[in-house]
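Spelled out, the chains give:
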Amino acid sequence: MTLDQIKALVASGESETLEFKATTGTRREAAATVCAMLNQRGGHVLFGVTHQGAVVGQSVGDRTIEDVSAEIQRIDPPAFPEIERVQVSASREVIAVRVAPGSSQPYQYRNVAYRRVGNTTRRMSAAEHNRMLFERMHAEQRWENQSAAGWTVDDLDLAEIRNTIAEAVRIGRLDEPGTREPEDLLRGLGLMRDGVLFRAAAALFGKRERLESDMPQCLLRVARFQGLDRSEFLDNRQFNGNAFVLLASAERFLRDTLPIASRFESGRMQRIDEPLYPPLATREALANALCHRDYALGGGSIGLAIYDDRLEVTSTGPLHFGLTPDDLFGPHESRPWNPLIARTFYRRGIIEEWGRGTIKMADLATSMGLPRPEIEERGDCVTVRFRRKDASFVQRAGAGLTEQQEEVLALLRHSGGGLALREIRSLLDGQLSDSQLRRCLAALRAAGLAFATGHGRGARWKAT
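Note that the coordinates shown come from a computational prediction; the quantities given were computed from them, not determined experimentally. (Residues numbered from 1 in each chain as written. Predicted model: local features only at pLDDT ≥ 70, side-chain atom pairs only at ≥ 80, totals over all residues. Heavy atoms only, no water.)

Q: Any chance you could explain the overall build of the protein chain here in plain terms?
A: Helices and strands together make up the secondary structure of the protein chain, namely 15 helices and 21 strands. Principal axes of the C-alpha set define a box for the protein chain whose edges measure 100 × 55 × 40 Å. Counting only residues that meet the buried cut, the protein chain has 48% of its 464 residues in that class. When contacts within the protein chain are restricted to residue pairs at least 6 apart in sequence, those whose partners lie at least 24 apart make up 67%. (Helix = DSSP H or I, 4+ residues; strand = E, 2+ residues; numbered from the N terminus. Buried < 20%, exposed > 50% of the residue type's maximum accessible area, 1.4 Å probe, protein only. Contact = heavy atoms within 4.5 Å.)

Q: When you look at unusual backbone geometry in this model, what are you seeing that I'm missing?
A: The amide bond that connects Asp 76 to the next residue, Pro 77, takes the cis arrangement and shows omega of -5 degrees. Within the secondary structure layout, Pro 77 lies in the loop between β3 (75–76) and β4 (82–87). With omega at 5 degrees, the peptide bond leading from Gln 105 into Pro 106 counts as cis. Positioned with a positive phi, Arg 110 is a non-glycine residue whose angle comes to about 50 degrees.

Q: How do you make sense of the sheet that holds strand β7 (residues 112–117) when you look at a structure like this?
A: If you walk across this open sheet you meet the four strands as β3-β6-β7-β8, and the pairing is antiparallel. Strand pairing shows two members of the sheet lacking a second neighbour, β3 and β8 (120–123), which therefore form its edges. Where β3 meets strand β6 (residues 108–109), two bridges bridge the pair, whose relative direction is antiparallel. Within β6, the position partnered with Asp 76 by the bridge is Gln 108. Strands β3, β6, β7 and β8 of the sheet are contacted by helix α2 (residues 27–38), whose axis makes an angle of about 75 degrees with β7. (Pairing = 2+ DSSP bridges. Axes fitted to C-alpha atoms, helices over the stretch in contact; angles between N-to-C directions.)

Q: Sorry, what's going on with the pairing of strand β20 (residues 450–453) here?
A: As a general feature of sheets, a regular strand has side chains that alternate between the two faces. Pairing geometry for β20 and strand β21 (residues 460–463), over four bridges, is antiparallel. For Ala 450, the partnering residue across the bridge sits in β21 and is Ala 463. Connecting β20 to the next strand, β21, in antiparallel fashion are six residues, including Gly 454 with a positive phi near 85 degrees.

Q: Looking at this model, I keep getting lost on the state of the cysteines. Mind explaining?
A: What we call a disulfide is simply a covalent bond connecting the sulfur atoms of a pair of cysteines. All chains considered together, the criterion is met by zero disulfides. Looking at the unpaired Cys 218, the closest cysteine sulfur is the one in Cys 291, lying at 13 Å. Cys 218 provides the cysteine sulfur closest to Cys 381, a residue in no disulfide bond, and the two sulfurs are 16 Å apart. (Disulfide = S-S within 2.5 Å.)

Q: Just to check I follow, could you spell out the pattern of salt bridges for this structure?
A: When the charged atoms of two side chains lie near each other, side chains of opposite charge can form a pair. Enumeration over the complete set of coordinates arrives at 35 salt bridges. Note that Lys 21 and Glu 19 form a salt bridge whose closest N and O atoms lie 3.2 Å from each other. Looking at Glu 19, the relative accessible area reads 6%, which means it is buried. Where Glu 374 meets Arg 387, a salt bridge forms, and the shortest distance between an N and an O atom there is 2.7 Å. Placement of the pair is Glu 374 in strand β17 (residues 374–378) and Arg 387 in strand β18 (residues 381–387), with a sequence separation of 13 residues. Judged by relative accessible area, which is 28%, Glu 374 ranks as partly exposed. Note on Arg 387: relative accessible area 29%, which makes it partly exposed. One salt-bridge network, held together by shared partners, links Asp 309, Arg 310, Glu 312, Glu 374, Glu 376, Arg 378, Arg 385 and Arg 387. (Salt bridge = Lys/Arg side-chain N within 4 Å of Asp/Glu carboxyl O.)

Q: So what exactly am I meant to see when it comes to the nonpolar core here?
A: Burial of nonpolar side chains together is a common tendency in soluble globular proteins. Membership of the largest hydrophobic core comes to 69 residues, with the highest contact counts inside it found for Leu 186, Leu 191, Phe 205, Leu 311 and Phe 345. Beyond its immediate sequence surroundings of up to four residues, Leu 191 is in contact with Leu 186, Val 196, Leu 197, Phe 198, Ala 200, Ala 201, Leu 204, Phe 205, Leu 340 and Thr 344. If you look at the next biggest cluster of nonpolar residues, it comprises 23 residues, including Ala 36, Leu 38, Ala 79 and Ile 95. (Core = buried A, V, L, I, M, F, W, Y, C linked by side-chain atoms within 4.5 Å.)

Q: What should I look at first to understand a negative patch on the surface in this one?
A: Taken together, the side chains of Glu 403, Glu 406, Glu 407 and Asp 429 make up a negatively charged region of the molecular surface. The topology assignment puts Glu 406 in helix α13 (residues 403–413). We classify Glu 406 as partly exposed; its relative accessible area is 43%. (Patch = residues over 30% accessible without salt bridge, like charges linked within 9 Å, V, L, I, M, F, W, Y side chains within 5 Å. Areas by Shrake-Rupley, 256 points an atom, 1.4 Å probe, with all protein chains shown as cover. Lys, Arg positive; Asp, Glu negative; His and termini not counted. Charge placed at Lys NZ, Arg CZ, Asp CG, Glu CD.)

Q: What exactly am I supposed to notice about the packing of aromatic side chains here?
A: The geometry of an aromatic ring pair is captured by the separation of the ring centres together with the interplanar angle, meaning the angle of the planes. The tally for this structure, following the rule as stated, stands at six aromatic pairs. Aromatic pair Phe 244 and Phe 345: ring centres 5.3 Å apart, planes at 25 degrees, arrangement stacked. With a gap of 101 residues between them, Phe 244 in helix α9 (residues 243–257) and Phe 345 in helix α11 (residues 339–348) connect regions that are remote in the sequence. Neither Phe 244 nor Phe 345 differs from the other in exposure class; each is buried. By way of ring pairs, the aromatic residues Phe 205, Phe 244 and Phe 345 are connected into one cluster. (Phe/Tyr/Trp six-rings, centres within 6.5 Å; stacked < 30°, edge-to-face > 60°.)

Q: It is not clear to me how the packing of helix α10 (residues 279–292) against α11 should be interpreted in this structure. Could you clarify?
A: A pair of packed helices is characterised by two quantities: the angle between their axes and the separation of those axes. One way to put it is that α10 packs onto α11 with a least axis distance of 8 Å and a crossing angle of 145 degrees. Each of Ala 287, Leu 290 and Cys 291 in α10 lies in contact with α11, whose residues at this interface are Ile 341, Ala 342 and Phe 345. Each residue belonging to the contact of α10 with α11 can be placed in one class, and the counts come to six nonpolar, no polar and no charged. (Nonpolar A, V, L, I, M, F, W, Y, C, P; charged D, E, K, R; others polar.)

Q: Got a minute to help me understand the environment of Thr 50 in this structure?
A: Owing to a relative accessible area of 18%, Thr 50 belongs among the buried residues under this scheme. C-alpha of Thr 50 to C-alpha of Leu 186: the two residues are 136 residues apart in sequence and 58 Å apart in space. The contacts of Thr 50, once residues within four sequence positions are left out, are Phe 20 and Val 56.

Q: Any chance you could explain the pairing of β7 here in plain terms?
A: By the bridge criterion, two bridges tie β6 to β7 in an arrangement that is antiparallel. Counted as the bridge partner of Tyr 109 is Val 112 from β7. Taking the residues that link successive antiparallel strands as the turn, the β6-β7 hairpin has two residues, and the phi of Arg 110 there is positive, at about 50 degrees. Relative to β8, β7 runs antiparallel, the two being bridged by four bridges. By the bridge assignment for β8, Val 117 is matched with Thr 120.

So far we have only geometry, and geometry alone does not tell us how the molecule works.
This is the structure we're talking about:
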């Protein structure tokens, strides 16, 4: 570094990534700050700069540098920051210590872990230290890169594996492997080593029958609720299967359940029809849930819930790596909890850009006039929430209905006082099962074409 670069750096003032020390007499405090910077975004510690920002330098000898280095060597795991001497005058120098974010967090100095809060250095809480330690261990040994005990290639959906490779080659995210042998393809995807399948291979391509018994957490729960809470189901189903099957099942449920919305723009006579929520945004939320969820929780799952005013995608497992919900809507490093699964999704073209999934969701939603999606972390779950537009959106009346929905709607329109579920079923001569009939009514209600009065068996359905 040059003196001009030092002065430019000092002009920005002390911060999370910059600390001033007047002399190396405070090298213990400085080493704690280096430790804190290793645990976060890195930064600079400058000796020979006063707290007021005056670049005064100090007398520096070989012993001075040795003392600073010796104090930094008390940091564990070992770290090796850059130490430079910058001439200020004939007899005075600034010592600049530059440190990058540590790759083996958390770091400790004299058996204490530190973190930066603004321009101060503080002891790290035990909870944060344990979280960092867990995440460091996760980088080397995690659920997805452990062997899938007892699994063989015969337990996987070979067609899905080949489809994944073909699509990855087609969109340029994978070089043509020159083979379609499953073992070779799985090794190329990093899902198999020395003839042993990883759990990620099972989660991505496993057959449903084997997953149901061995990995029950490969589960999707979908529901359509009446109203704004969970007091009454209109539809409630579960799907077991690999990640690609669960994604397809969720998207099919959205297509079958969500109505088409219409809007009118000033100066245009034609109505603009579009989905209630942007399909690319909901797909991104579902893909993120599958990639970032904690598969180690045996009772975990992905949840998809539709209410009258919102849509929610929930996955088991908290946010990691110090990320907060607000961080996800700004530029941030992509650090998936399951990188093998995420990388396969990326190659397949399901995830478009690293670290931009949540930003993309927000852009897609706001471009349709929807509020920015919400991300909520509660307990061991993360929920992505899409809210509906305001009243300027009008549901299509009768457009895009299935034949079954039109038949049910016709019965309601001629019923006068409304019909109970059993009466509708009787008038249809048993053509629809209870679950099919509930789905029809849910779709009509969501489209604003029907409503229910009363609750439970006493509920009566009427056309609007």
